[in-house]
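Breakdown of the fold
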Amino acid sequence: MNTVNTSLLLKNIKKHKWHYWFVSPMLVLFLLFTVWPILGSVYYSFFKWDGSGVPENYVGLDNFREILIDPYYWNAFVNNYIFAFSHVLIQFPLALILAIILNNTLLKGRNVYRLLIFLPVITTTAIIGLIFNILLHPAAGPLNEAMVKFSLLESPINFLGSVSLVLPTAIVISIWKNIGVTLIYWLAGLQTIPIELYEAARIDGASPVKTLFYITIPLLVPIGSVILLLTFISSLHPFDLIQTLSKGGPLFASDVVDTYVYRYAFNPELTTLRYGFASAGGFIFGVTVMLITIIQAPFIRKLGKYRT
Amino acid sequence: MGMKKYVRNSTFHLFFLPLALLWSYPFLWMISSAFKTKQEMLMNGTRLIPKVLTLDNLQRAWVNAKFETYFFNTVIVTVSVVLLVILISATSGYALARGNMPGKKIIVIALVVTMFLPKGVTIIPVFELINALGLNNTYFAVILAEAGPAHIVAILLFMGYFANIPNELEESAIIDGAKFLTVFSKIMLPLAKPVLGTVAIFNFIGAWNAFFVPLIFTLTRPELRTLGVGMYSFFGEYSIDWTGFAAGALISVGPIIVVFLFFQRYFIEGLSGAVKG
């Protein structure tokens, strides 16, 4: 019986010879660049290792113990979540408002507005970070100069050099850069609502506000939960922006986990690199992200079902 | 009715046009500064239309600041990443969509599960792997590290598309004597043009704009820098040359905006598909 099964299986495998040829390059890359890095970062975190040769100095949970009491790690960790949740709180609803405005087919030039909102999305994040260094320059930055000219400010503000302002400034720039994506998501969501519903509402004499709260928003809840998750996940790794905007400074006020890890593992100015320690830092953050994703997924799905 | 519509439209634009200008200001600043003289930049940095137009900045950036090298590095890396991702995701997506190869289910589950795992925390093992392969400080390092993990969504896109193509097409071709490879390259792949477009434009923009990976893999080889990394080091070295900086930014950002304008349909449709499912 068993041999029959095996020979059947072998025959089946032979029949799909070409299928295996077709998946094998992908499988090789998948193992090397997805599976191994996940396992490797866990493995490395148990070693004291400067990146040269192979990790030999096994230190158990020492890296984790050190990181858990490192105030700079928790500073970066908290900043990272402030950064991500700000996007959920601001970018997510703001993009919906913009989408509802731009979804109006009577509006002329809406494609131009949509394109302008989308322009920062396709621009290199690193270059945006650098450009804002100039635009917000405290001595001669054009944005500072303009705000003084129009009496919005009394004197120029050093947005990126201020401990209290640097993170909010980074968040505003990041929302400016990324809101176009969330806008497209919402527009796609609005298009799934059958037009007959709006026609029926109009015939029944419902006001636009009522239509919005009784038709548009309830019907957007299921797709909105997906958009919420995507907005959150995509704002968890602001390395490009933070590194070019402020390098995590001043005084670590805009430090996030990625810049923290970068400093320990790749900073060219550092004499002894700490790969194991940096891996542990990345790993702890990754675990919390996964937990949040897992916890919120069923909750949001339930909410979506309940509302519709 | 028509009048009312007209008034509503114009009050809207009255309010939103200034906002749109403010929104685009960083781009307007970049374009105008790239063609401004250094003197005018010092005297009148906020003015958007330069009094005197100059090509000095673009020339200085292209030749002296090595943006020519950065530009071609970026083209090589980006085109290679796009081709590699398309090749790998189209072939594997096809194999997983058609027929019933043993092991198919396990592969698909593994792909879907890892799609939700957080990325970015895994750069150290990737860096070590590239070093172990002896590829650090080569084009291949950046290309592989960019293309290697980027293909899961692309595979699932191709898989979904190929799975929906009716069997009859394939069967009639096989009866006509076509081989697996011919069916794939002559019949199936040309049918998958929309997915090809989406995968190509997403990976083109992603690879062109990449910063973290090329930064790490070109730390000791400045001549391999891509545009983003080149801008970063230019700003570190010549932080007072704002017009040169703007010219470099225009060289870096201009091409991607042009590419986007041509392929924006695929990009927008790809994003919309992500939430519609």
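No experiment lies behind these values; they were computed from the predicted model shown.

1. So, the overall build of chain B
Per the secondary structure count, chain B includes 15 helices and zero strands. Relative to its length of 277 residues, chain B is extended, with a C-alpha radius of gyration of 24 Å against a globular reference of 19 Å. A buried classification covers 43% of the 277 residues belonging to chain B. A sequence separation of at least 24 residues applies to 73% of the contacts in chain B between residues at least 6 apart.

2. Re the overall build of chain A
Of regular secondary structure, chain A possesses 13 helices and two strands. By principal-axis analysis of the C-alpha atoms, chain A measures approximately 70 × 70 × 35 Å. The proportion of buried residues among the 308 residues of chain A is 40%.

3. Some words on the nonpolar core
Of all hydrophobic cores here, the largest spans 152 residues; its most connected members are Ile131 of chain A together with Val85, Phe158, Met231 and Ala249 of chain B. A domain split of this core shows at least three residues from each of domain 1 (2-44) and domain 2 (62-307) of chain A. Excluding residues that lie within four positions of it along the chain, Phe158 of chain B makes contacts with Ser89, Ala90, Gly93, Tyr94, Ala192 and Val195 of chain B.

4. Regarding the interface of chain B and chain A
Between chain B and chain A, the contact holds 62 residues from the first and 69 residues from the second. Of all the secondary structure elements, the ones that give two or more residues to the side of chain B that touches chain A are α1 (2-23), α2 (25-34), α5 (67-97), α6 (104-115), α7 (123-132), α13 (212-217), α14 (227-237) and α15 (242-276) of chain B. Considering every element that reaches the side of chain B that touches chain A, the biggest residue donor is α15 of chain B, with 13 residues. The class makeup of the residues in the side of chain B that touches chain A is 44 nonpolar, 16 polar and two charged.

5. What to know about unusual backbone geometry
Residues and elements named next belong to chain A. In the segment running from Gly249 into Pro250, the intervening peptide bond is cis, with an omega of -10°. In this fold, Pro250 is placed in the loop between α11 (239-245) and α12 (257-265). Backbone geometry places Leu251, a non-glycine residue, at a positive phi of 55°. Assignment of secondary structure puts Leu251 in the loop between α11 and α12.

6. Observations concerning the domain arrangement of chain A
When its domains are assigned, chain A resolves into domain 1 (2-44) and domain 2 (62-307). On a C-alpha basis, the centroid separation for the pair domain 1 of chain A and domain 2 of chain A is 38 Å.

7. Brief notes about the environment of Ile100 of chain A
Residues and elements named next belong to chain A. Locating Ile100 in the fold gives a position in helix α4 (residues 71-102). Owing to 17 C-beta atoms within 10 Å, Ile100 belongs among the partly exposed residues under this scheme. The spacing of Ile100 and Leu183 is 83 residues in sequence and 9.4 Å in space, taken between C-alpha atoms.

8. Here's the deal with helix α5 (residues 110-118) of chain A
Residues and elements named next belong to chain A. Within α5, burial applies to Tyr113, Ile117 and Phe118. Within α5, the buried residues cover an arc of 135° as seen down the axis, which keeps them to one side. Of the residues in α5, the exposed ones pointing more than 90 degrees away from the buried face are Asn111 and Val112.

9. Here's the deal with the environment of Ala206 of chain A
Residues and elements named next belong to chain A. Note that Ala206 resides in the loop between α9 (195-203) and α10 (208-234). Under the C-beta neighbour-count criterion, Ala206 is labelled partly exposed, with 16 such atoms within 10 Å. Ala206 has contacts with Ala201 and Thr211, leaving out every residue within four places of it along the chain.

10. Here's the deal with the confidence of the model for chain B
Close inspection of predicted coordinates is inappropriate for parts of the model with low pLDDT. For chain B, per-residue confidence averages 87 on the pLDDT scale, and 95% of positions sit at 70 or higher. The complex prediction reports pTM at 0.90, with the ipTM value standing at 0.89.

11. Quick notes on the packing of α2 of chain B against α15 of chain B
Residue and element names in this part refer to chain B. At their nearest, the axes of α2 and α15 sit 8 Å apart, and the two run at 115° to each other. Considering their axes alone, α2 and α15 lie roughly perpendicular with respect to each other. α15 is crossed by α2, and the crossing has left-handed handedness. Side by side, α2 and α15 meet where Met30, Ile31, Ser33 and Ala34 of the first sit next to Trp242, Thr243, Ala246, Ala247, Ala249 and Leu250 of the second. Taken together, the residues of the contact of α2 with α15 break down into eight nonpolar, two polar and no charged.

12. Quick word on the environment of Leu83 of chain B
Residues and elements named next belong to chain B. Checked against the element boundaries, Leu83 lands in helix α5. What makes Leu83 partly exposed here is the crowd of 14 C-beta atoms within 10 Å. A sequence separation of 143 residues divides Leu83 from Thr226, and the C-alpha atoms of the two residues are 18 Å apart.

Definitions and limits used
- Residues numbered from 1 in each chain as written.
- Chains lettered and ligands numbered in written order.
- Predicted model: local features only at pLDDT ≥ 70, side-chain atom pairs only at ≥ 80, totals over all residues.
- Helix = DSSP H or I, 4+ residues; strand = E, 2+ residues; numbered from the N terminus.
- Rg over C-alpha atoms; globule rule 2.2 N^0.38 Å.
- Buried ≥ 20, exposed ≤ 12 C-beta atoms within 10 Å, placed from the backbone.
- Contact = placed C-beta atoms within 7 Å.
- Core = buried A, V, L, I, M, F, W, Y, C linked by C-beta atoms within 7 Å.
- Domains from an automatic or database assignment.
- Nonpolar A, V, L, I, M, F, W, Y, C, P; charged D, E, K, R; others polar.
- Arc of directions from axis to C-beta.
- pLDDT = per-residue confidence, 0-100.
- Axes fitted to C-alpha atoms, helices over the stretch in contact; angles between N-to-C directions.
- Parallel < 35°, antiparallel > 145°, perpendicular 65-115°, else oblique.
- Left-handed = near helix turned anticlockwise from the far one by under 90°.

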